[in-house]
Amino acid sequence: MKKYFYFLLTASVMFSACSGESPENQSSNFSFVWGDTLMVDTGDSFIDLSYGLNMADITADKRQMMHFSQKKNELSIINLDEMKLERQVQFDTDGPNSTENAYAMTVIGNGPELMLYSWNAFSKFNLDGIKLDKIDTRGSMANNSLSGDTLAEIETISARGTIDPSGRYYYGQLLGAYDDQGAMGMGQANGIAVIDLVNKSLKKVLIPELKKLSNYEMFIIQGQSAMIYTSAVYMWSDDEKLLISNSFANEVIIYHREADSVEIKSYESKLSANLQDPPDKSQSDNGKYIEQYLKTKDEQISFNEFVYDPDNKIFIRFSADTDLSKSTDDKKVKRNIITVFDQDLNMMQEAIIPEFTEASISNYFIKDGKIHFFQNLDDEVAFLTISIQK
């Protein structure tokens, strides 16, 4: 394994963001300057990137990244200040410390503990692979683990949520909730589950606006097999509020925990569409329709997650669509767009990033005033950086 740590200098390109909202929100204009490509020094070890950084999270203080390999059942701890692998921990596949086929992970606070999510439970581990706690998250089993609100037998709390920086509250989608007619819909998101991890209590918060997520679900039936296609849902929280966004609409839902209130902000982009076309669910067993829908969906706008820059007190979000004027049948050229929001989630600026034309940007975070986004360079972990400047 490579034993070096180096910087790949990229072209220094500055671009100013254009106006995305009314003049009163334009008091601060930001520019973005390409920085370095930072390679993570792994020494004699190897970080499994079979699924990219699908199961990775950073500590609240941005000093470490935790990456969990489903394939190897192994945790890699990366020092983000020094860009080097600190250590790797082998977790158990069975016994009292089993990870139970975990498929998602969240770091708790500054990282002495983490949460691994399986289909029926959330399990808290320390960084030595010892299971500290377990919370059942499906139906009546959850009612044995959590006080407060109860789940109906068909209800479940989704993984891939978020834990606030204090490490106390977990937020996730509440799935299988009642619809307006009182019927139950498996997989339907009607709200969020707020779990107090200290008191092990549950609060269910109904958010009717989340029902439209089901418009972008499609059960694909082919022969004897079936699978569900869904759009991405993103969650971010600080110690006061939760942001819920998705890949198909230019909007954000804000849940204020103390006030127990919901606020919705919708945005109008001058550079892209603001909404994807939903699938025709009646065609879910039509192979030709599915193939064509997935192709056209890939050409439409797709919104990524909101990330916060505490130095500049702004949120950043990337989005992408296909530049049809430059694309061919053999090669699709992507348009990647960066959007800036103030700390109250008002849209301030947006700009196209001309250097990114191959694929959408994902797995990004902000540290020390720089946007870092993951790149797999010859099976090595690397981060491209962009400096945020006023």
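All figures in this text were calculated on a predicted structure; none of them were measured in a lab. (Residues numbered from 1 in each chain as written. Predicted model: local features only at pLDDT ≥ 70, side-chain atom pairs only at ≥ 80, totals over all residues. Heavy atoms only, no water.)

Attention shifts here to the sheet that holds strand β9 (residues 104–108). Ordered in space as β9-β10-β11-β12, the four strands form an open sheet in which the pairing is antiparallel. On the outer flanks of this sheet lie β9 and β12 (131–136), each paired with one strand and no other. If you compare each strand with its neighbour and ignore which way they point, the axes differ by 20 degrees on average. Where strand β10 (residues 113–117) and strand β11 (residues 121–126) come together, five bridges link them in antiparallel fashion. Its bridge partner being in β11, L116 is matched across the sheet by S123. (Pairing = 2+ DSSP bridges. Helix = DSSP H or I, 4+ residues; strand = E, 2+ residues; numbered from the N terminus. Axes fitted to C-alpha atoms, helices over the stretch in contact; angles between N-to-C directions.)

With 21 residues, the main nonpolar core has F32, I316, F318, I338, I371, F373 and I388 as its most contacted residues. When contributions to this core are tallied by element, the ones reaching two or more residues are β4 (31–39), β26 (314–322), β27 (334–342), β28 (347–352), β29 (364–367), β30 (370–377) and β31 (380–389). Not counting the four nearest positions on each side in its chain, I388 is found in contact with F30, S31, F32, D309, N312, I314, I316, I366, G369 and I371. By size, the runner-up hydrophobic cluster in this structure holds 19 residues, among which are Y117, L151, I163 and A193. (Core = buried A, V, L, I, M, F, W, Y, C linked by side-chain atoms within 4.5 Å. Buried < 20%, exposed > 50% of the residue type's maximum accessible area, 1.4 Å probe, protein only. Contact = heavy atoms within 4.5 Å.)

Across all of its chains, the model carries 18 aromatic pairs by this definition. With a centroid separation of 5.6 Å and 75 degrees between ring planes, the pair formed by F365 and F383 is classed as edge-to-face. Of this pair, F365 sits in strand β29 while F383 sits in strand β31; the two residues are 18 residues apart in sequence, bridging distant segments of the chain. For F383, a relative accessible area of 0% corresponds to the buried category. Taking NZ or CZ as reference, R257 lies 4.1 Å from the ring centre of Y169, over its face. (Phe/Tyr/Trp six-rings, centres within 6.5 Å; stacked < 30°, edge-to-face > 60°. Lys NZ or Arg CZ within 6 Å of the ring centre and 35° of its normal.)

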